[in-house]
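Next come the chains, spelled out residue by residue.
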Amino acid sequence: MTDALEDHQGTVSIGGRTITNLLFADGIDGLAGKEEELASLVDRLDKTSAAFGLEISAEKTKLMTNNANGISIDIRIHGEKLDEVDSFKVTAEILKKLQATEMRCFRKLLGFSYRDHITNDAVRDRIRQAIAPCDDILTMVKKRKLKWFGHVSRRFYKEHCKEGEEGADKRSVGKTTSLNGQG
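The rules behind these values
Residues numbered from 1 in each chain as written. Predicted model: local features only at pLDDT ≥ 70, side-chain atom pairs only at ≥ 80, totals over all residues. Heavy atoms only, no water. Helix = DSSP H or I, 4+ residues; strand = E, 2+ residues; numbered from the N terminus. Buried < 20%, exposed > 50% of the residue type's maximum accessible area, 1.4 Å probe, protein only. Contact = heavy atoms within 4.5 Å. Areas by Shrake-Rupley, 256 points an atom, 1.4 Å probe, with all protein chains shown as cover. Polar contact = N/O pair within 3.5 Å; in protein donor to acceptor, adjacent residues only side chain to side chain.

## Considerations on the overall build of the chain
Turning to step 1, where the next piece is worked out: For the chain, the count of helices and strands is four helices and eight strands.
Turning to step 2, where the next piece is worked out: Reading the helices (α) and strands (β) of the chain from amino to carboxyl end gives β-β-β-β-α-β-β-β-β-α-α-α.
Turning to step 3, where the next piece is worked out: Expressed as a percentage of the 183 residues in the chain, the buried residues total 20%.
Turning to step 4, where the next piece is worked out: Residue pairs in contact within the chain that sit at least 24 positions apart in sequence constitute 34% of those at least 6 positions apart.
Turning to step 5, where the next piece is worked out: Total accessible area on the chain is roughly 14800 Å²; 52% of this is exposed by carbon and sulfur atoms.

Spelled out as structure tokens, the structure:
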């Protein structure tokens, strides 16, 4: 990945730091602010992978955008156009892995081994007592996705409403105080 990103100038910034990709155990998420940047990133990754004898599967590689109009240019691997998707599904297999990982983490936090023969329900009850009531990992993922969707939707809405138009965000920034100094 380092070779693929050599001299690549990304445009996605989080907290003042440029982010071009997210690495996972079994994949990579490329991040780009513009379609041309994404096409360049995919092309660089494809060429660098080929130089090391690796091949990216065009069938398994998908594109997703938060642009309401979708992606307007063709992005290809080995001449094959990549599919654009609206969402990624959480399959039953992925769900099982998430739940198993969550339970493994809970057991480790509590110092339990599988040899202790403590049921998963008992582990969850002990976690609620030790930490606090909390949602399972899939519920947290869903809540965060909805929160992100709200953030992106509000941002999109604000960018398309001009100052003073109906619907424009008219809130002031910071805490407001009255003349007498109270709230």
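More follows now that the structure is in view.
## As for the side chain of Glu-37
Turning to step 1, where the next piece is worked out: Examined against the element boundaries, Glu-37 turns out to sit in helix H1 (residues 35-51).
Turning to step 2, where the next piece is worked out: Polar side-chain contacts of Glu-37 include one of 3.1 Å to the backbone nitrogen of Gly-33.
Turning to step 3, where the next piece is worked out: Apart from residues lying up to four places away in sequence, Glu-37 is in contact with His-8, Gln-9, Gly-10, Thr-11, Leu-31 and Ala-32.

## Let's talk about the side chain of Thr-48
Turning to step 1, where the next piece is worked out: Along the chain, Thr-48 falls in helix H1.
Turning to step 2, where the next piece is worked out: Within the structure, Thr-48 has its side chain in polar contact with the backbone oxygen of Arg-44 (distance 2.8 Å).
Turning to step 3, where the next piece is worked out: Among all residues touching Thr-48, those that are not within four sequence positions of it are Asp-3 and Ala-4.

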